[in-house]
Amino acid sequence: GTTGTTVQGGTALATLELSGGITLAEPVQLVMQNTIGHSQLHNVSGNNTLAGQLSLNAGGARWDIKSSAGSLHLAGPVVNIANPTTPDTWRKLHLGGNAGGSFSGTMVDSSSGNSKLNLSVNSGSWILTGLAKAYTGTTEVIGGTLTVDTSLQSKVIVSAAATLRGQGGSTSAMLELQPDAVVEIAPSSWDAPPAAFTASSLQFSRAILRIDSSQLTDFTETGRLFPLLRSTTAIGQPDLSQLAIVAAGFPGQGRWSAEVVPETGTLALRYQPDLYQLWTSNIDWNGRDSSDGADPDGDGVANFLEYALAGDPLAADSTILPALLSQNGHLALGFGRIADPDLLYEVLASDHLTDLSWQSIWSSTGSANIPGFIIVEDSPPSPAPDRRFLRLRVSRAASPAAP
């Protein structure tokens, strides 16, 4: 039709249902209601499009859109046409359902500015994309996922277990992450990370940072920095220990960590590749055993230690083993070290060779692992024991646990 469709609110409990993959070109008007759980616009099945204007009129406290299956795309403008004589900030558009949809047109407050448009994502997966959204009410993500790849003028609040996916989107207002809110990135290319979600300021304490790698097709075991959130004002130094990182199903074997880049006000995720696995994969073993504890060249040095001591696992050379030295009148241990932050080098000392008597007198891991030959001098107790033994232990440093 040319006059459009009006879905009555109040006690009418009317619903416009879409199914079968249609495009509705005519305008649609939703009259506000007060009934929680009743959808006025329902995507029942299929990928359906509203191409005309969606008008949001007064008459209650809420408008409700639901997508049960398929996807609902709103390509036209979404306009709050409620025009009260006094300002209000409580009119809210609710989005829900097991599926989701997208908004690519403009979204605006009432023309008089008296009625703010508020948006609430309650369930499903919804996307704000395309043209800038000019509404100035609050955007709440209470459940489900909201992806933003356009600009907003709305304060964004993400509740516990709800997800914000900010694929380069922004808001000129604040982003507030409530405890255990989820911020997610979904890179499609390893060499071109998505841009950070930008806000005027960030407010958060405990949050979950999640990497969705289901769209990633060109992963290589190399280090990358992924910007996640950016503040146009000073970001400060959040307690990074309160940020849990989840990367379930990620194809790499390295580790993720969170860090702040003060120069750009950015909270980022850094991927540190598994350098040992990379080293292993770059060797032509020619059928020989490449496992950690194997010794294919028969020099008494297992593959893992060959790596940690900068040796060659296929060329016999026992001289790379730690050497006992004397320094300043004390026993010392000399060995080669490589620049792998995931390795933990420890020198242990003992007065006798029982398993429980060894004590760590020196260790190195992380950024302290500077490559080169190291000499670690013993500091024996006083009075000096009759005998003293030193040994080197190399292991993988523990990575931060993910929930």
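Scroll up a little and you will see the structure.
Described below are features of the structure shown in this document. (Residues numbered from 1 in each chain as written. Predicted model: local features only at pLDDT ≥ 70, side-chain atom pairs only at ≥ 80, totals over all residues. Heavy atoms only, no water.)

1. Looking at the side chain of threonine 139
Of note, threonine 139 is situated in strand S16 (residues 139-141). In terms of polar contacts, threonine 139 uses its side chain to reach the side chain of tyrosine 135, at 2.6 Å. Leave out the neighbours within four places in its chain, and threonine 139 touches Leu119, Leu146, Ser154, Lys155, Val156 and Ile157. (Helix = DSSP H or I, 4+ residues; strand = E, 2+ residues; numbered from the N terminus. Polar contact = N/O pair within 3.5 Å; in protein donor to acceptor, adjacent residues only side chain to side chain. Contact = heavy atoms within 4.5 Å.)

2. Concerning the packing of aromatic side chains
Geometrically, a pair of aromatic rings is defined through the distance of the ring centres and the angle of the planes. All told, the structure shown has 19 aromatic pairs when counted by the stated rule. Note on tryptophan 279 and tryptophan 285: the rings are 6.4 Å apart at their centroids and 85° apart in plane angle, and the pair reads as edge-to-face. An aromatic cluster is defined as three or more aromatic residues linked by ring pairs; in this entry it consists of Trp190, Phe219, Phe226, Phe250, Trp256 and Tyr271. Cation over ring: arginine 391 sits above tryptophan 358, and NZ or CZ is 4.6 Å from the ring centre. (Phe/Tyr/Trp six-rings, centres within 6.5 Å; stacked < 30°, edge-to-face > 60°. Lys NZ or Arg CZ within 6 Å of the ring centre and 35° of its normal.)

3. What about the sheet that holds strand S11 (residues 92-96)?
Across the sheet, nine strands lie side by side as S2-S5-S8-S11-S14-S16-S19-S22-S25; this open sheet has parallel pairing. On the outer flanks of this sheet lie strand S2 (16-18) and strand S25 (201-203), each paired with one strand and no other. Geometrically, the sheet is characterised by an average inter-axis angle of 15° between neighbouring strands, direction not taken into account. Where strand S19 (residues 156-158) lies against strand S22 (residues 174-177), three bridges are found, and the strand directions are parallel. The partner of valine 158 across the bridge, within S22, is leucine 177. (Pairing = 2+ DSSP bridges. Axes fitted to C-alpha atoms, helices over the stretch in contact; angles between N-to-C directions.)

4. Focus on the nonpolar core
It is characteristic of soluble globular proteins that their nonpolar side chains tend to be buried jointly. Ile65, Leu93, Phe103, Leu175 and Leu269 are the most contacted members of the largest nonpolar core, which totals 61 residues. Excluding residues within four positions of it along the chain, leucine 269 makes contact with Ile185, Leu209, Ile211, Arg224, Leu225, Phe226, Leu228, Ile245, Trp256, Ser257 and Ala258. (Core = buried A, V, L, I, M, F, W, Y, C linked by side-chain atoms within 4.5 Å. Buried < 20%, exposed > 50% of the residue type's maximum accessible area, 1.4 Å probe, protein only.)

5. Overview of a nonpolar patch on the surface
Taken together, the side chains of Leu325, Phe373 and Ile375 present a nonpolar region at the surface, about 270 Å² in accessible area. Its location among the elements puts leucine 325 in strand S31 (residues 323-327). (Patch = residues over 30% accessible without salt bridge, like charges linked within 9 Å, V, L, I, M, F, W, Y side chains within 5 Å. Areas by Shrake-Rupley, 256 points an atom, 1.4 Å probe, with all protein chains shown as cover. Salt bridge = Lys/Arg side-chain N within 4 Å of Asp/Glu carboxyl O.)

6. Focus: the sheet that holds strand S34 (residues 359-364)
Hydrogen bonding along the main chain pairs the strands of a sheet, whether they run parallel or antiparallel. Read across the sheet, three strands follow the order S34-S33-S36 without closing on themselves; strand pairing throughout is antiparallel. On the outer flanks of this sheet lie S34 and strand S36 (389-396), each paired with one strand and no other. If you compare each strand with its neighbour and ignore which way they point, the axes differ by 25° on average.

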